[in-house]
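So the chains spell out like this:
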Amino acid sequence: MDSLVTIRRYQLPDREALFRIAADTAFFGEPVEVFMDDRRVFLDAFYAYYPDYEPEHCWVACVDAVVVGFLTGCVNTERQREITAKVLEPAALRKVIKGEYRIGRKTWGYLLRYFLGRLRDEEPQVDVHRYPAHFHINLDRNCRGAGIGRRLILNYIDELKSIGVPGVHLLTTDYHQIACRLYHSLGFELIDSKKTRLWSGQIKEPVENRCYAMPLLR
């Protein structure tokens, strides 16, 4: 399949496909509905930043002109965090208050675990001045294991180097063993990890949040 895949920059008409794949794979490769009642909450609060504020750093993988995977990139994590906290999350909260989302036990349970995790400091730490860029990568279920993820990441790394970004990082978990091996093979190093209870009741074994990073200017 690898030879049939085209890697190109994101375009506005790709937004629907990008959001669909993001939501269909949000729970360790399974749909976001495993832990959230309405996928729009997840997409509006978390994913909208990338195609709406940094579309120039997003990439898609296509087979026969159909988007089958993507990489959403950000070259300034501090800016992304600020916009998410000051714009996207408040906008999503207003929609919750207005009843524009379907909110049920799954969503409230996830949000409770999420905020408790923040209080318990369960997210790995990263020096965003040394590694200011980050990315998320998702592939359609039928297109995994074909080398598409590697190609997307390599395209993004080449882009970051060309514009002088000093380093890049990503957040994942030890539950994504195949992805972790891919990151390691590309030169990423594990710089921090912390146990999390975010997925308690949904995954039996303990889950470890991980942060991998790579310096780009040597």
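Owing to the predicted nature of the structure, the values given are computational and were not obtained by experimental measurement.

Basis of the calculations
Residues numbered from 1 in each chain as written. Predicted model: local features only at pLDDT ≥ 70, side-chain atom pairs only at ≥ 80, totals over all residues. Heavy atoms only, no water. Patch = residues over 30% accessible without salt bridge, like charges linked within 9 Å, V, L, I, M, F, W, Y side chains within 5 Å. Areas by Shrake-Rupley, 256 points an atom, 1.4 Å probe, with all protein chains shown as cover. Salt bridge = Lys/Arg side-chain N within 4 Å of Asp/Glu carboxyl O. Helix = DSSP H or I, 4+ residues; strand = E, 2+ residues; numbered from the N terminus. Pairing = 2+ DSSP bridges. Axes fitted to C-alpha atoms, helices over the stretch in contact; angles between N-to-C directions. Contact = heavy atoms within 4.5 Å.

**Observations regarding a nonpolar patch on the surface**
Link 1 in the chain: Residues Leu112, Leu116 and Leu119 make up a contiguous nonpolar surface patch of about 320 Å² in total accessible area.
Link 2 in the chain: Inspection of the secondary structure assignment puts Leu112 in helix H5 (residues 105-119).

**A closer look at unusual backbone geometry**
Link 1 in the chain: Non-glycine residue Asp64 carries a positive phi angle of around 55°.
Link 2 in the chain: Along the polypeptide, Asp64 turns up in the loop between strand E2 (58-63) and strand E3 (66-74).
Link 3 in the chain: The backbone of Asp121 shows a phi angle near 60°, a positive value even though the residue is not glycine.
Link 4 in the chain: Residue placement: Asp121 occurs in the loop between H5 and strand E4 (133-139).

**A few points about the sheet that holds E4**
Link 1 in the chain: Pairing is mixed across the open sheet formed by seven strands, whose spatial order is E1-E2-E3-E4-E5-E7-E6. Each having just a single partner strand, strand E1 (5-9) and strand E6 (189-196) make up the two edges of the open sheet. Neighbouring strand axes in the sheet, compared pairwise and without regard to direction, differ in orientation by 25° on average.
Link 2 in the chain: Alignment of E6 against strand E7 (residues 207-215), held across seven bridges, turns out to be antiparallel. The residue bridging Leu190 from the neighbouring strand is Tyr212, located in E7.
Link 3 in the chain: The strands touched by helix H1 (residues 15-24) within the sheet are E3 and E4, with E3 carrying the most contacts at an inclination of about 85°.
Link 4 in the chain: Packing of helix H7 (residues 177-185) onto the sheet brings it into contact with E4, strand E5 (167-173) and E7, and relative to E5 it is tilted by some 160°.

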